[in-house]
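Structure at a glance
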Amino acid sequence: MNRKGFTMIELLAVIVVLGIVLVITFPNMTDVFKSSKLKSEEAFVERISQSIDSYVTLNSSYIDFFEYGTAQKYYGGSDHSVNVYKGTITMNTIISSNIITGKDYKNPGNENVECNVNAEIEVYRDSDYVYCHKIKKDSLGCLTDEYKNTIDSDYIVDTCTWTK
């Protein structure tokens, strides 16, 4: 008799091979997913930092600075002492100025959580009128713990290069 079809052993062999392929690829797939999620959060934080830079460049005269202290700054081949002034702004200020939209102020790596529009941003100006900014790790309120654990500092963004 000449029947067309697969035997039970052939079907079991295919299922076993597919199972082995799944066991090998599944851990790699989850690592790729986690890695891409962290990279999307990193891109989100970078976009926020660029928005802050743009806001400070365009609106630095509207930020109230107060004397904060002195810092050491390296230029011209040696360290120099500079006065440092500190001011604060919020993400809501940047959103209100249309530099970033409320729609873009969402973390793609953690879409279920709203970002804090009242997140405080520390803006510093030294006596040479060089600006930098810092954002504390927990202030945005929408970053995952996995992403925050990749950062050794208390700040997720710290563009200040001088030392206090």
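As the structure is a prediction and not an experimental result, all values here were calculated from the model.

About the thresholds
Residues numbered from 1 in each chain as written. Predicted model: local features only at pLDDT ≥ 70, side-chain atom pairs only at ≥ 80, totals over all residues. Heavy atoms only, no water. Helix = DSSP H or I, 4+ residues; strand = E, 2+ residues; numbered from the N terminus. Buried < 20%, exposed > 50% of the residue type's maximum accessible area, 1.4 Å probe, protein only. Patch = residues over 30% accessible without salt bridge, like charges linked within 9 Å, V, L, I, M, F, W, Y side chains within 5 Å. Areas by Shrake-Rupley, 256 points an atom, 1.4 Å probe, with all protein chains shown as cover. Salt bridge = Lys/Arg side-chain N within 4 Å of Asp/Glu carboxyl O. Contact = heavy atoms within 4.5 Å. Polar contact = N/O pair within 3.5 Å; in protein donor to acceptor, adjacent residues only side chain to side chain. Phe/Tyr/Trp six-rings, centres within 6.5 Å; stacked < 30°, edge-to-face > 60°. Lys NZ or Arg CZ within 6 Å of the ring centre and 35° of its normal. Disulfide = S-S within 2.5 Å.

With that settled, consider unusual backbone geometry. Phi is mostly negative for residues that are not glycine, and the peptide bonds are mostly trans. Phi is positive for N98, which is not a glycine, with a value near 65 degrees. Examined against the element boundaries, N98 turns out to sit in the loop between α2 (91-96) and β3 (120-126). Its relative accessible area of 65% is what places N98 among the exposed residues. Residues other than glycine seldom take positive phi values, yet Y129 does so here, at roughly 60 degrees. Locating Y129 in the fold gives a position in the loop between β3 and β4 (131-136). For Y129, a relative accessible area of 55% translates into the label exposed.

This part covers a nonpolar patch on the surface. A grouping of F6, M8, L11, L12 and I15 is seen on the molecular surface, where their side chains present a nonpolar patch of about 590 Å² in accessible area. Inspection of the secondary structure assignment puts L11 in helix α1 (residues 8-59). Looking at L11, the relative accessible area reads 42%, which means it is partly exposed.

In this structure, K106 sits in the loop between α2 and β3. The spatial distance from the C-alpha of K106 to the C-alpha of I156 is 16 Å, given a sequence separation of 50 residues. If near-sequence neighbours (up to four positions away) are discounted, K106 is found in contact with F44, R47, E114 and C115. Among the polar contacts made by the side chain of K106, one reaches the side chain of E114 at a distance of 3.5 Å.

This brings us to the packing of aromatic side chains. Aromatic ring pairs are reported here in terms of the distance separating the ring centres and the angle at which the planes meet. Going through the model one piece at a time under the given rule, you end up with three aromatic pairs. Between F65 and Y131 the ring centres are 6.0 Å apart and the planes differ by 45 degrees, which places this aromatic pair in the tilted class. Here the residue F65 occupies a position in the loop between α1 and β1 (66-75), and Y131 occupies one in strand β4, the gap between them amounting to 66 residues. In this structure Y131 comes out as partly exposed when scored by relative accessible area, which is 29%. Just above the ring of Y85 sits the side chain of R125; from NZ or CZ to the centre is 4.7 Å. For K134, the ring lying beneath its charged end belongs to Y155, and the centroid distance is 5.0 Å.

What follows is about the state of the cysteines. Inspection of every chain in the model, using the stated rule, returns two disulfides. Covalent S-S linkage joins C115 and C142, the inter-sulfur distance amounting to 2.0 Å. Of note, the bridge from C115 to C142 carries an S-S torsion of about 85 degrees and is right-handed in sense. With C115 in the loop between α2 and β3 and C142 in the loop between β4 and α3 (145-148), this residue pair connects regions lying 27 residues apart in the sequence. We classify C142 as buried; its relative accessible area is 0%. Covalently, C132 is tied to C160 through a disulfide, its sulfur atoms 2.0 Å apart. Across the S-S bond linking C132 and C160, the dihedral sits near 85 degrees, which makes this disulfide right-handed. You can see C132 sitting in strand β4 and its partner C160 sitting in the segment after β5 (155-158), a full 28 residues away along the chain. C160 matches C132 in its accessibility class, with the two residues each being buried.

Everything listed is a geometric property; what it means functionally is a separate question.
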